[in-house]
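A closer look at the structure
Chain by chain, the residues run as shown.
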Amino acid sequence: MADRVTVIGWDGSPLTAAARSALGAATLVAGAAHHLALPEVPPTAERIRLGSVALAARRITGHRGTAVVLADGDPGFFGVVRTLRAPEFGLEVEVVPAVSSVAAAFARAGMPWDDAQVVVAHPRTLRRAVNVCRAHPKVAVLTSPGAGPAELGLLLEGVHRTFVVCAELGTDREQVSVVTSDNAADHTWRDPNVVIVIGGPVGPAGAGEGGWIAGRDPAAGPRGWTLPAEAYGGGLGEGEGELLRAAQLARLGPRVGDLVWDIGCGSGAFATDAGRAGAAVIAVDRDLQACARTDAAARRHGVHLQIVRGTAPHVLENLPEPDVVRVGGGGAAVVSAVADRRPRRIVTHAMTRDTAERVGRDLTEHGYRVECALVQSVELDTRAWTETERSVAFLLSGVLPDRTA
C-alpha cells in the first residue's frame, strides 16, 4: 500500500504550496491528461491516466511510495475521494481542495447557488437528472459523455428551460454559453462541462429571503403531504378528497428524481401535492377547464407541472416513461394502457366493487402485485359533531415485484 496518498483538486489556478510539496515528493501520479501535463509533476514519477477511479485505486493500493491523485475542482464533492476511501481499498487520503466546478460555474454566471439542486448525469442516471430539471427552478448538472447538454435538451421536450453551459472551466479553452433547452441539441459541446438549468416555478412567498439549508427548502409552503380543498379553491371532483389523495400519495411515494403521471388531473390537487414532494409531474386531462385549474393550482403553490391536454390512453403514447402513475379518470382501459408502460407503481380508485375487481385483475395479468382497500371517510362539524360529508371508494394499487423501489 502507498505510504501516503494525497488528492489534489485543480481549478486552473496556480497550485498551492501544499499541493506543490505533495506533487514534488510523489512517486506515482494519477490524473487526466491535462493534469499529467502540469510542470509540477515529477518526470521520474509513474503516471496513470485516470479513467476508472477504481482501477487507479487498485494500482495505488499496490504501490510502494507516495501517491498523488489530481482531479478537477473539489475532489470531495461528487469526486474521486469517495471511491479512494471505499472499504475495499482501505486508503487513507489527505485532500487539498480547489474551487468546485459547480461553484465556478455559478460564479461565471454571477448567480447564488445555495438554493440549487446538484445532480450527476451519466447515461444510467440521465433520466432522473432530467426529472429534477423538470421539477426544480435551479439545477446544476455535472455531465458526462452521452449525458450532456444535447441529451438534456432532447429529454426536456415540452418544458422550456435556459441552459448556462460552462465547458472546460479553468483551462485555456474555457467557454460559457447560454442557450434554450430546445436549441441545445443543435450545438456540439465539449466535455467536461457543467450545465446550469434555470426556469420553472417561483417558490412560495418568503422562499427568496435567504435560506437555512442547501437546495430546495423543505419548509417552504404549507405543512402537510396533502392540502385541504380550500387551498385549491374548493369544489374538488370525485376522487380528489384530501384523505384519498393522502392514501394515494402514500402508496406511490413520489420523490425527487421521479416522474409522476397524473391522468385525469381534475382540479390539479394531486398533481400539485406530488410536485410539492419534489417529483416531476405530467398532468393529463381532456378538459380545457381542468387543465387551466391545474395550472392555476400549481402556480399558486410554486410548483411546475407539464400539463398535457388530450384523451387517454392515446395521449400517453408520446409521453416520457413514468416512475409512478395515478389514474384519476378513464377507467380500466387507461389503467391497462399505463400498465403496458411498466411504471414501478400505479394507483387508482373505483366507486364500485365490480370496477375494482376488473381493474385489479388487469393489473395482476400485467404482473403487478395488487392491493385493494375500501376507504371510507366521514367529515364532522365539530361544533355540533354532526356529519357534513361522507365518501367511500375502493383504493387500488399495483407494484411491480421486480421494481419495488
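As a reminder, the structure under discussion sits directly above these lines.
First things first, this report covers the structure right here in the doc. Treat the numbers as computed from the prediction; the structure is a model and nothing was measured.

**Examining the side chain of Asp 285**
Following the sequence through the fold, Asp 285 ends up in strand E12 (residues 280–285). For the buried Asp 285, no salt bridge exists, and the shortest N-O distance to an oppositely charged side chain is 5.7 Å, to Arg 286. One polar contact links the side chain of Asp 285 to the main-chain amide nitrogen of Cys 265, over a distance of 3.1 Å. With sequence-adjacent residues up to four places away left out, Asp 285 is seen in contact with Gly 264, Cys 265, Gly 266, Ala 290, Cys 291, Val 308, Arg 309 and Gly 310.

**Examining the environment of Arg 326**
Looking at where Arg 326 falls in the secondary structure, it is placed in strand E14 (residues 324–327). C-alpha of Arg 326 to C-alpha of Leu 249: the two residues are 77 residues apart in sequence and 8.9 Å apart in space. Apart from residues no more than four positions distant in its own chain, Arg 326 is found in contact with Gly 239, Glu 240, Gln 248, Leu 252, Trp 261, Asp 262, Ile 263, Gly 264, Cys 265, Phe 270 and Val 347. A distance of 2.5 Å separates the side chain of Arg 326 from the side chain of Asp 262, its partner in a polar contact.

**Quick word on the sheet that holds strand E6 (residues 117–120)**
Across the sheet, which stays open at both edges, the five strands sit in the order E6-E7-E10-E8-E9 with mixed pairing between neighbours. Single-partner strands in this sheet number two, and they are E6 and strand E9 (175–180). Put simply, the sheet's adjacent strands are angled 20° from each other on average, direction ignored. The sheet contact formed by E6 and strand E7 (residues 138–142) spans four bridges and is parallel. Bridge pairing links Gln 117 to Val 139 in E7. The strands touched by helix H6 (residues 126–135) within the sheet are E6, E7 and strand E10 (193–198), with E6 carrying the most contacts at an inclination of about 160°.

**Focus on the environment of Val 303**
On the secondary structure map, Val 303 appears in the loop between helix H10 (288–300) and strand E13 (306–309). Residue classification places Val 303 among the buried positions, given a relative accessible area of 10%. Distance from Val 303 to Ala 229, taken between C-alpha atoms, is 17 Å for residues 74 residues apart in sequence.

**A closer look at the pattern of salt bridges**
Following the criterion strictly, the structure yields 19 salt bridges and no others. When the shortest N-O distance is used, the salt bridge between Arg 128 and Asp 258 registers 3.3 Å. On the criterion of sequence distance, the pair formed by Arg 128 in helix H6 and Asp 258 in the loop between helix H8 (242–252) and strand E11 (259–263) is long-range, its members being 130 residues apart. Note on Asp 258: relative accessible area 4%, which makes it buried. Notably, a salt bridge pairs Glu 371 with Arg 251, separated by 3.7 Å at the nearest N-O pair. With Glu 371 in strand E16 (residues 369–381) and Arg 251 in helix H8, this residue pair connects regions lying 120 residues apart in the sequence. Taking the relative accessible area as the measure of exposure, Glu 371 reaches 41% and is therefore partly exposed. For Arg 251, a relative accessible area of 24% translates into the label partly exposed. The network of salt bridges with common partners includes Arg 127, Asp 323 and Arg 344.

About the thresholds
Residues numbered from 1 in each chain as written. Predicted model: local features only at pLDDT ≥ 70, side-chain atom pairs only at ≥ 80, totals over all residues. Heavy atoms only, no water. Helix = DSSP H or I, 4+ residues; strand = E, 2+ residues; numbered from the N terminus. Buried < 20%, exposed > 50% of the residue type's maximum accessible area, 1.4 Å probe, protein only. Lys, Arg positive; Asp, Glu negative; His and termini not counted. Salt bridge = Lys/Arg side-chain N within 4 Å of Asp/Glu carboxyl O. Polar contact = N/O pair within 3.5 Å; in protein donor to acceptor, adjacent residues only side chain to side chain. Contact = heavy atoms within 4.5 Å. Pairing = 2+ DSSP bridges. Axes fitted to C-alpha atoms, helices over the stretch in contact; angles between N-to-C directions.

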